[in-house]
Amino acid sequence: MIDPLISALSSHLGYCRDGWLILKKLLNAGVPKHKVPFELPSCTLKVELLDKPHAWDAAQVTLDWCFKNKITILYPGHEKYPEEFAALPQPPQFLSVLGSLDCLRGVGLSVVGARDHSQNALKWMEEHFLTALRYQNLFTVSGGARGVDQIAHRLSLRAGRPTIAFLPSGLGNMYPADFPHWSESIVSGGGAVVSEYPPMTMMTKNNFHRRNRMIAALGRGLFVVEAGRKSGSLITAKFALELGKPICVLPASALDPRALGTLDLLFDGATPIRDAADLLTFLALTPSSSQRGDSSDQEGHIGEPHSNDGRQQPWRAKFSTDTYITQ
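Since this is a predicted model, take the numbers as computed values, not measurements. (Residues numbered from 1 in each chain as written. Predicted model: local features only at pLDDT ≥ 70, side-chain atom pairs only at ≥ 80, totals over all residues. Heavy atoms only, no water.)

Asks: Could you give me a rundown of the overall build of the protein chain, with the residues and numbers involved?
Replies: The number of helices and strands found in the protein chain is 12 helices and 9 strands. Out of the 327 residues in the protein chain, the part that is buried amounts to 54%. Put simply, 74% of the contacts in the protein chain that link residues at least 6 apart link residues at least 24 apart. Roughly 14,800 Å² of accessible area belongs to the protein chain as shown, and the carbon and sulfur atoms make up 53% of that amount. (Helix = DSSP H or I, 4+ residues; strand = E, 2+ residues; numbered from the N terminus. Buried < 20%, exposed > 50% of the residue type's maximum accessible area, 1.4 Å probe, protein only. Contact = heavy atoms within 4.5 Å. Areas by Shrake-Rupley, 256 points an atom, 1.4 Å probe, with all protein chains shown as cover.)

Asks: So, the layout of surface pockets: which residues are in play, and what are the values?
Replies: Taken as a whole, the largest pocket spans an internal volume of roughly 350 Å³. In terms of lining, the largest pocket is formed by 22 residues, of which the most central are Arg115, Asn212, Ser231, Gly232 and Ser233. Contributions of two or more residues to the lining of the largest pocket are made by helix H7 (205-218) and helix H8 (232-242). When residues in the lining of the largest pocket are grouped by element, the largest group, 6 residues, is from H7. Class assignment for the residues of the lining of the largest pocket results in 8 nonpolar, 8 polar and 6 charged. (1 Å grid on protein atoms, 1.4 Å probe; cavity = no way out; pocket = protein on both sides within 12 Å on 5 of 7 lines; lining within 4 Å. Points joined across faces, edges and corners; volume = space filled by probe spheres on them. Nonpolar A, V, L, I, M, F, W, Y, C, P; charged D, E, K, R; others polar.)

Asks: Report on the nonpolar core, specifying residues and quantitative values.
Replies: Ranked by internal contacts, the top residues of the largest apolar core, which has 32 residues, are Phe85, Phe166 and Ile247. Broken down by element, the residue count for this core peaks at 5 residues, all from H7. Trp124, Ile151, Leu250 and Leu280 belong to the second-largest nonpolar core, a separate cluster that totals 26 residues. (Core = buried A, V, L, I, M, F, W, Y, C linked by side-chain atoms within 4.5 Å.)

Asks: Mind laying out the pattern of salt bridges, listing which residues take part and the relevant values?
Replies: Pairs may arise between side chains of opposite charge once their charged atoms sit close together. Taken as a whole and assessed by the stated rule, the structure comprises 8 salt bridges. Asp102 serves as the salt-bridge partner of Lys80, at 2.9 Å between the closest nitrogen and oxygen. Of this pair, Lys80 sits in the loop between strand S1 (71-74) and strand S2 (95-99) while Asp102 is found in the loop between S2 and strand S3 (108-112), placing the two residues 22 residues apart along the sequence. Note on Lys80: relative accessible area 27%, which makes it partly exposed. The salt bridge partner of Glu126 is Arg154, with a shortest N-O separation of 3.6 Å. Note that Glu126 is positioned in helix H4 (residues 119-135) and Arg154 in helix H5 (residues 148-158), a separation of 28 residues in sequence. On the basis of relative accessibility, which here comes to 27%, the residue Glu126 falls in the partly exposed class. A residue is classified by how much of its surface remains accessible, and Arg154, at 27% relative accessible area, is partly exposed. When salt bridges with common partners are traced through the structure, they connect Glu196, Arg210 and Arg213 into a single cluster. (Salt bridge = Lys/Arg side-chain N within 4 Å of Asp/Glu carboxyl O.)

Asks: Quick rundown of the pairing of strand S7 (residues 221-224)? Include the residues and the values.
Replies: Every second residue of S7 is oriented toward a common face, with Gly221 and Phe223 on one face and Leu222 and Val224 on the other, all of them buried. Sheet topology note: the S3/S7 ladder contains 4 bridges and is parallel. Following the sheet pairing, Val112 is matched in S7 by Val224. Pairing geometry for S7 and strand S8 (residues 247-249), over 3 bridges, is parallel. (Pairing = 2+ DSSP bridges.)

Asks: Go over H4 with me, naming the residues and quoting the values.
Replies: In this model H4 runs 24 Å from its N-terminal to its C-terminal C-alpha over 17 residues, within 8% of the 24 Å that 1.5 Å per residue would give. Approximately 35° is the largest bend angle found in H4, and it occurs at Met125. Inspection of H4 places Ala121, Leu122, Trp124, Met125, His128, Phe129, Leu130, Thr131, Ala132 and Leu133 among the buried residues, and these make up the whole buried set. Packing partners of the buried residues in H4 comprise S3, strand S4 (139-142), H5, S7 and helix H10 (276-284). (Expected span 1.5 Å × (residues − 1). Bend = angle between axes of the 7 residues up to and from the residue.)

Asks: Provide a residue-level description of the environment of Ile164, including the pertinent values.
Replies: Of note, Ile164 is situated in strand S5 (residues 163-166). You can call Ile164 buried: its relative accessible area is 0%. Measuring from C-alpha to C-alpha, the distance between Ile164 and Leu98 comes to 9.9 Å, with 66 residues separating the pair along the chain. Filtering out sequence-adjacent residues up to four positions away, Ile164 remains in contact with Cys103, Leu104, Phe139, Thr140, Val141, Ser142, His153, Ala192, Val194 and Leu218.

Don't take any of this as a statement about function, it's just geometry.
Structural data, given as structure tokens:
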């Protein structure tokens, strides 16, 4: 029987680069365990290395880099591989993880929004979003981009909550360019930086779309802060809808182009969020992965399982306008 890691590697070859292909050959050839940054299963499939003179050296450089930089590689079948990704049509065959593996399990909220966000959105997040984070023990999931993504990461760290960033590039070539600074803070705060690409992969437009599906999958629900009608945030919302994930949005003026996509989501049934209490209600009524069941049974229900009677939750009285934590 072929080892599950070898199977994952083989499936990954369709869109990966030589580094991963060489890694497959190395694993099959039996690389010493101390040279790999994860527990190497017993390799029963023996094949020849690539017919390239530099194959062994190139593969060893890749493995040494991962080991030196404390990168863990997860794959389907690994005990730390997120079970939420099993529902994806194309689950990532590799996850390179810098940071905590434990934060990949638990109560998470996916957050996306505009890069060129409004000052009102920033003010709302620094007041209400931060308050919700301090009240609820959860991690946040986003994409590390400037704007709403980085605000979500920063406020999670300020609240003492783990945050996870999925990158559209390899961990050895992080995008955006200033993200290595962010990665240090995220890892020290108990979170993780994750990529499904070989370490030195550069960002491409298609990579953004692919990583959005993982952002949508890992959280219990998706919070869209601001989104125009032609934005990556709506691509993430589409993935969330296909996975049966509930979606909530921050309403804004119809005169602001940055809000038109979120208003469309509201029109289609997404849950409006006014304040921290609304966001906590949304999280409380969002089923955990063990309760969701088959996502295909829930497809198309944007705002469920939410209703107005959820506003009677006890924290609505607790979070009156004079009790928000803003520092």
